[in-house]
Structure formats: C-alpha cells, structure tokens
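# Structure assessment
If you want the building blocks of each chain, they are given just below.
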Amino acid sequence: MSHRLEEIIALFDGLFAETYHTRLVRGGDEPLYLPADDATPFHRVIFARGFFTSALHEISHWCIAGARRRRLEDYGYWYLPDGRDAAQQRDFEAVEVAPQALELLFSRACGLTFHVSVDNLEGDAEVDRHAFHASVEARAARYEREGLPPRAEAMRTALAAYYFRGASPAEAVAAGRACLEAATA
C-alpha cells in the first residue's frame, strides 16, 4: 500500500480547507502551525520534511486544538527541543499522550506501523519508551471507547475509507464530512 503525500494532503484539504480554512502543507526541517494572516488567507498545518508520519502527527495536534488555540502560532504551546531534563521530559510526555494516541489511530486507519516519539535523543533524562508507549495505547483505547474529537473522527474515517475500503479521494472526503455533519447536528 502506498502512502503518498499528495493523498493525505488531498484528504485533509478536502475535509478542512473549506470548513475550517485550514490546509496541510509540506514544510522544511521543523513542523509548525500558522494561523491565517494578511499574507495567507488560510491556516497552515505544516509538517516536517515531507514525512507522511509527520503529517499524521501534526494533523493530530490540529484535531485536538480548540478554536482559541487555532488562532495562535503553534497553538500557543511551549516546545523545548531535544535535550530536555527529566522534569521537562515528563511535561513533554504529558502533553504528547493525546496527540500521539490520535496519531496511532490515524496510522492504523491507513495501514501504517506507529512508532511512539519521545523526541529527546540528546537529553540527559532517562526515557522509558515502553511506559510512554503504554500510556499512548491506553489513551487510544480511551478514545475508542469514548469517541474521538469530531475533526479527528472525520480524518480517521476518511483515511480508513481511502486506504482500506478503496474509496476514491472524493468518496473518502465525503465519508469524513458526514462524520463532521453528524457531530454538529
């Protein structure tokens, strides 16, 4: 099964460009979320280096961010780069559980293997990847039981329709839009 960038961009943009004025954009070394401004009339979910998995991860963050946060660059979150100490790493993992749980569900929906990211290769903190992975799995299971946020459910539905049911991009987007409409009805 191929996972081309054009596919995920078409699915995301088909779902959210019109309704949320948000587009998925291939970026450089670092991912970033930029709200619309005078130069660009739409919000941009920018994923790193053309990696499909980076796109899934950044979409996950966007699906969780509320309306107020979506008006702020990078949703107004703090981010400490690689090299965090133990306390900073705990804080990082606490805020990353939910988006990585969505990323896990998105990965499953399009037939990809998910790899948890502790994102601290240069740090002096002892990182327990297995414990963090277990936390991500538990949060994904909770989403499955309690329901995903509406935009996340729409994205997961579109991914599954396209990658597992063989729907065309237009049909996959229509399936995702139906989820959004049901959530707002």
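Residues numbered from 1 in each chain as written. Predicted model: local features only at pLDDT ≥ 70, side-chain atom pairs only at ≥ 80, totals over all residues. Heavy atoms only, no water.

The buried fraction of strand β3 (residues 43–47) is high, at 5 of 5 residues. Judged by which residues are buried, β3 turns out to be covered on both faces: His-43, Val-45 and Phe-47 on one side and Arg-44 and Ile-46 on the other are all buried. Examined bridge by bridge, strand β1 (residues 22–26) and β3 share 5 bridges and lie parallel to one another. Its bridge partner lying in β3, Val-25 is registered against Ile-46. Inspection of the sheet shows strand β2 (residues 32–34) paired to β3 by 3 bridges, in the antiparallel sense. Looking across to β3, one finds that Leu-32 is bridged to Ile-46. (Buried < 20%, exposed > 50% of the residue type's maximum accessible area, 1.4 Å probe, protein only. Helix = DSSP H or I, 4+ residues; strand = E, 2+ residues; numbered from the N terminus. Pairing = 2+ DSSP bridges.)

Attention shifts here to the confidence of the model for the chain. When pLDDT is averaged along the chain, the result is 90; 91% of the residues meet or exceed 70. The element-level mean pLDDT for the chain is lowest in helix α3 (residues 86–109), coming to 87, with helix α5 (residues 150–163) highest at 98. (pLDDT = per-residue confidence, 0-100.)

Take α5 next. Helix length check: α5 (14 residues) gives 20 Å between terminal C-alpha atoms against 20 Å at 1.5 Å per residue, within 8%. For α5, the buried fraction is high: 11 of the 14 residues fall into the buried class. For α5, the complete set of buried residues consists of Arg-151, Ala-152, Ala-154, Met-155, Arg-156, Thr-157, Ala-158, Leu-159, Ala-160, Ala-161 and Tyr-163. (Expected span 1.5 Å × (residues − 1).)

Attention now goes to the pattern of salt bridges. If you walk through the whole model with that rule in mind, you get 8 salt bridges. Linked by salt bridges that have partners in common, Glu-144, Glu-153 and Arg-156 make up one network. (Salt bridge = Lys/Arg side-chain N within 4 Å of Asp/Glu carboxyl O.)

Before going further, it helps to examine the environment of Leu-104. Note on placement: Leu-104 falls in helix α3. Of the residues examined, Leu-104 reaches a relative accessible area of 3% and is grouped as buried. C-alpha separation for the pair Leu-104 and Phe-92, spaced 12 residues apart in sequence, amounts to 17 Å. If near-sequence neighbours (up to four positions away) are discounted, Leu-104 is found in contact with Phe-114, Val-136, Glu-137 and Ala-140. (Contact = heavy atoms within 4.5 Å.)

Working definition: the strands of a sheet are paired by backbone hydrogen bonds and lie parallel or antiparallel to each other. The 3 strands are arranged β1-β3-β2 in an open sheet whose pairing can be described as mixed. Each having just a single partner strand, β1 and β2 make up the two edges of the open sheet. Averaged over all pairs of adjacent strands, the angle between their axes in this sheet comes to 20°, without regard to strand direction. Across the face of the sheet, helix α1 (residues 5–16) comes into contact with β1 and β3 while running at roughly 165° to β1. (Axes fitted to C-alpha atoms, helices over the stretch in contact; angles between N-to-C directions.)

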